[in-house]
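# Structural overview
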Amino acid sequence: MSIDREESLFLTVSEDHRERAYPEYILLMSDPYRKAGGMTAVYEGVILGGGDKLFGLEELNLWLRRHRYAAYNMHVLLPIVHMCLEYTVRRRLEPERPGIPAMAEQAAGQLLESDPLRLRHSSRGWLNIYWLTEQFPRCANEESRRVLKHFTGFEDVLQLFQRLVRDSAACTDARALVEQAVLLYKEVFTKYFAPDHSHDELSVFEISNDDMWEGEYLAPDSEEPPEPDKSDPALNYEKADMAANDVTLSEEAMAAIPEYLAQNFGPSFQTEKALAEIEHTVCVGIHEERRLLFTDGLPESAYEGTTARAGALKACRDANLSMLKGHEDSARQGIRSIEQAFQNALNLKNDPEVYRSDRGVLVNSALWKVGRCEDPQLFHKIFRQDQSTVVVELLIDASGSQSVRQSMVALQSYMFSAALSRIQIPHRVMSYCTYGNYTVLRRFRDYDDKPATDRKILEYRATSNNRDGLALAAAGIDLLKRREDHKIVIVFSDGLPNDMVSGRVRPDVPEKYVGDAAIRDTCFQVRKLRREGVHVIGIFLGDDGELENERMIYGSSFLRIRRAEDFGGSAGKRLSETLLLL
Amino acid sequence: MREDLTNRLNQFKEHHCVDAAVQGRITKPPVDFIGEEILELAVSALLQGENILLCGGKATGKNILAENLAWLFARPVYNISFHVNTDSSTLIGTDTFVGGEVRLRNGPVAQAAVYGGFCILDEINMAKNDAVAVLHSVLDYRRLIDVPGYECIPMHPATRFIATMNYGYAGTRELNEALVSRFTVIRMPTLQAQQLHRLLQTDSPNASDENIDRCIGLFMDLNEKAINGEISTHPVDLRGMITALRLMTDGMRPKDAVAISITNKCFDEYEYQLVQDVVMTRFV
C-alpha cells in the first residue's frame, strides 16, 4: 500500500487502516477537492475519514445512489452533501481533534483565493463562497466580498440556508445527512438559484457502473491532447502525466506481449509457482494485475543469424563491447579505484581497534613496568569492529530514456560489479523495464556468480518504461532471503518512475503509474525495504526539476550525478560510505 | 498484586539480604509499571527462579517493568545495553592488574552473580548469537560462570536475568533456540489509552487533562499508522510524548512542544509530512 497525505489522514481519522477504495459517489463528490491539491486535498482526507467514522462511506454511497435513481441532479446534490459532511465532521470531531477547524480554515483560504472549484462562476457556487466566508471570516478576500454583494435582499434565504447546513451536524446516520442535503437542494439551491448553464457538459454522473451501461466513456476531457514530441524518445514527467490518458494497449497488443518478451528478453528463470507467489506478494495496489518476468537473457543463438532481431541485439551488445574495448585502460583503472575504496572501507570497518588500558588482554612485554611506572597500562583493550557480512543489489533502470547513454551505463555498471567481485562481496545486478503489463527484470549476474559473469552486464539494453516501485519490491524478495547481516540496494535511474503505456485500463483501479502516483509508490517501496533493514541508495542522473522528487523518494541516501561516466565511481563512493556507517 | 505473591515476595526479600556495597544500586524506578496481569506473570516466574525475556514493540514498557521488578524484589540492578559488538568480555569481565597480580575485573554479569543482582539485558537481540553464548551456563540449571584461568563464579541464589527485545527493529536478529529456551517469555501488550493516561498523569501531575488526552490521541494515531506499515516506528516515541507533555505543562505552545519532541525526529521528508498532518488534526 502506498499512501499520500490525503489517504494517510483518511485512514487515521477514520480509525480504520484497512486499504480500501472510495465508493463511487464518494469518489465523484470528493474528486474536485482532491484535484485542487494543497491543503484542500489534505483536508479532504479528514472529511472523508470523519465521514467514514461517523456515517460509513459505504452507507453514504448507498443513500447517494438511491437519490441518483430518483433523478436528482448529482452535479448539484453532491457539493451540498460535501458541504454538510464537512461541517458535521468539523463540529463533531473537534473535541478529539481540535486542529481540524484550523485545517478547514486553511483549505477555505485556498478555495477562496484561487477558486479551483470555479465557485465564482455560478450563483449556486456563490452560496458555497457565502458559507466559507461566514464560517471563516478571516479568509474572505476582495473577490469573495464582491460576490457576496449579489445576495443583498436574500437575507431570509441565507438564514434558511445557514440553519439547514448547521442542522446537518445533528444527523445521526448517513440517511439523515443525505436527506438534510436534499432539503437544502429543494428548499434553497433549486428553488432560488438558477442552474449554471455557462459550462454545460455531458454529465459524468449519468454514467455509472450501476447502470450496466456498456457504451464508450464520454467524460469531458478539459485537457488538451499532448503535443507529440518525436525529438525526445523519453517523455518527461509532465508530458507523461498528460499522455497517460491516451496510451493504452489494445487487447491484441497485450496478448502478443508474452511472446514478444520471450523473443526479446529471454525465458523466465523462475518456476511458474515461484513467479505466481512473487506476483501475489508484490503485484498489489497500484501494481494490481501487473505481471513480472525474471529472465537471465537470451541464449547465444539469439544473437546469431540474419534476422532483424538478431541484428539489433548483436548491434546493441557490440556497441557496449566496443565501448569497453575503447576504454579498456580507464575501465581497469576505474575498477581498481572502486575496489580500493571498498577495501579501505572494509578495513576500517573490520579491523579491531586496540588501546592500551588498565584492563583487557595482558601484554607480557609491558610487565617490566610493574613497580616502576605509576600507571603501567599493562593491557590491550580490544574493541572488535563489526565483522558482519554485506550483500549488494544493483538495479539499473533500462527504460528507453537510457538508450542515448546505454553503452556508458553498461560500462559503468560493469566496472562497479567487477570491483565488488574482486573484493568478494556477493552482489546481484539486474536491469528493469516495463512493457505493457509486464515488468521485466533482466538478471545479469546472481549473488554468488563467478567474476567472469560480470561481463554479461554488457548485454544491457535500454527500452520502454520504468516501474521503479514494482522493480524494487520484486528485487527485494530475493534480497531479504539472503543471510548476510547488511543488505544494500543501489538503484540507478535517470528520471522519475513512469509507466505511461498502461496496459489494460480497469475502471476500478484508476491510478496510472505516472507523476505523483508513481513517486508515491516508489517512496513507499523504498521505505518498506528500509523498514526491513535494507539500505536503499538512489543514484540519479536527471534534470534539476526532478531533483526534489528524487530526494523525496530516497531521502538522504541519494546522490545526483551529472554524467553517466560518473556512475561507477559515485556508486562506489556512496557504497563505501554506507559500509562505514553499518 | 495477588496476596500469595506478595507474601512470597516478602519471604524472598527476607531470605536474601543485600550486601551494603551495592545498596546504591537499588533504586526506585521513575514510574510504576502499569499492567497488573503482566506484573504478576513476571513476579511468579522470577519467584520460581526463572529468567524472563520481555518481548514487545516500542513503548510497551519493557525496561520500566524490568526496573520495577528489581525494585519489588529489592535487588541491585546491573544494566547492559546490547549492541552489535557486545562480546563475552563486555558481559563477564576482563583481566586487570591489582596489588601486583593479574585479576579478573568483573563485568556486569559477574557482579550480578556475586551480589545476587537483577541483570537487565537490554535489546538482547542486537548482539550476535555467538557473543551471548557465554550466557548459556549462567542462564540454565548450572547457574555458574566459568572464566578460563579463574575459579568458577557460582550464581547467588537471588540472581535473575531479565532480557528485553523488540522483534521488528532494523539491525535486530533472531535469537537462537538455545538462548530462548533458557528464558520464560512474556509478550508485552501495547499500552491502552487508559494506561497511558495514568502513566502521563503520574509523570506530569500538573498537566491538564486536555493536553494529556491530545498527546494520547496522537500517540495512538501514530502507533496505528506504524502497525499498519504507513510510517516507520520512529515517530511512535513515548519518551518524546512525555517530553512534549512536560514542555506543554511548562508553558510551551502545544504545537511547538510536539514539533520538537516528535515531528522533527522524522528526518525523512515523506514521513515528516504524514506525521505533521496527523499532528495538525490534534493540535491547534
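A brief look at the structure comes next.

The rules behind each value
- Residues numbered from 1 in each chain as written.
- Chains lettered and ligands numbered in written order.
- Predicted model: local features only at pLDDT ≥ 70, side-chain atom pairs only at ≥ 80, totals over all residues.
- Helix = DSSP H or I, 4+ residues; strand = E, 2+ residues; numbered from the N terminus.
- Buried ≥ 20, exposed ≤ 12 C-beta atoms within 10 Å, placed from the backbone.
- Contact = placed C-beta atoms within 7 Å.
- Pairing = 2+ DSSP bridges.
- Axes fitted to C-alpha atoms, helices over the stretch in contact; angles between N-to-C directions.
- Right-handed = clockwise from strand over helix to strand, strands pointing away.
- Parallel < 35°, antiparallel > 145°, perpendicular 65-115°, else oblique.
- Nonpolar A, V, L, I, M, F, W, Y, C, P; charged D, E, K, R; others polar.
- Expected span 1.5 Å × (residues − 1).

Helix and strand counts for chain B come out as 12 helices and nine strands. Sorting the 284 residues of chain B into buried and exposed places 39% on the buried side. The contacts of chain B with a sequence gap of at least 6 include a subset with a gap of at least 24, amounting to 73%.

Residues and elements named next belong to chain A. Here we have seven strands laid out as an open sheet, ordered S1-S7-S6-S5-S8-S9-S10, and mixed in their pairing. Unpaired on one side and paired on the other, strand S1 (291-295) and strand S10 (558-560) mark the two borders of the sheet. Across this sheet, the average inter-strand angle for adjacent strands is 20°, counted without regard to direction. Note that strand S8 (residues 486-493) and strand S9 (residues 534-540) share seven bridges and pair parallel. Looking at the pairing, valine 489 lines up with valine 536 of S9.

Moving on, we get to the pairing of S9(A). Residues and elements named next belong to chain A. Burial analysis of S9 places seven of its seven residues in the buried class, the great majority of the element. Burial of S9 is two-sided: the residues Val534, Val536, Gly538 and Phe540 facing one way and the residues His535, Ile537 and Ile539 facing the other way are all buried. Note: S9 against S10, three bridges, orientation parallel. From the neighbouring strand, glycine 538 faces S10, where its bridge partner is phenylalanine 558. On the question of chirality, the crossover connecting S9 to the parallel S10 by way of helix H19 (residues 547-554) is right-handed.

Right, let's talk about the environment of A:Lys191 for a bit. Residue and element names in this part refer to chain A. Structurally, lysine 191 is set in helix H10 (residues 174-192). The class for lysine 191 is exposed, based on 11 C-beta atoms found within 10 Å. In the structure, lysine 191 is positioned 34 residues away from valine 157 in sequence and 10.0 Å away in space, judged by C-alpha atoms.

On to the sheet that holds strand S9 (residues 184-187) of chain B. All names here are of chain B. With parallel pairing, the five strands of this open sheet are ordered in space as S2-S5-S8-S1-S9. Strands at the two margins of the open sheet, each flanked by one partner only, are strand S2 (77-81) and S9. Each adjacent strand pair in this sheet contributes to an overall mean axis angle of 20°, direction not counted. Its contacts with the sheet place helix H2 (residues 36-47) against strand S1 (52-55), strand S8 (160-165) and S9, and it is angled at close to 170° to S9.

Turning to the interface of chain B and chain A, a few remarks are in order. Where interface size is quoted, it is often the accessible area lost as the parts come together. Each partner contributes residues to the interface: chain B has 33 residues there, and chain A has 37 residues. Residue assignment for the side of chain B that touches chain A shows that the elements contributing at least two residues are strand S3 (93-98), strand S4 (101-106), helix H9 (209-227) and helix H12 (269-282) of chain B. With nine residues, the top contributor of residues to the side of chain B that touches chain A is H12(B).

Moving on, we get to the packing of helix H18 (residues 515-531) of chain A against H19(A). Residue and element names in this part refer to chain A. Look at H18 against H19: their axes get within 8 Å of each other, and the N-to-C directions meet at 30°. By the criterion of interaxial angle, the relationship of H18 to H19 is roughly parallel. Residues Ile519, Thr522, Cys523 and Val526 of H18 form the contact with H19, whose participating residues are Asn549, Met552, Ile553 and Tyr554. Classifying every residue of the contact of H18 with H19 gives six nonpolar, two polar and no charged.

With that settled, the discussion passes to helix H16 (residues 406-422) of chain A. In this model, H16(A) (17 residues) spans 24 Å end to end at C-alpha, consistent with the 24 Å of a helix rising 1.5 Å per residue. Looking at the residues trailing H16(A), positive phi occurs at A:Gln424, about 55°.

Function cannot be read off these values alone, since they describe shape.
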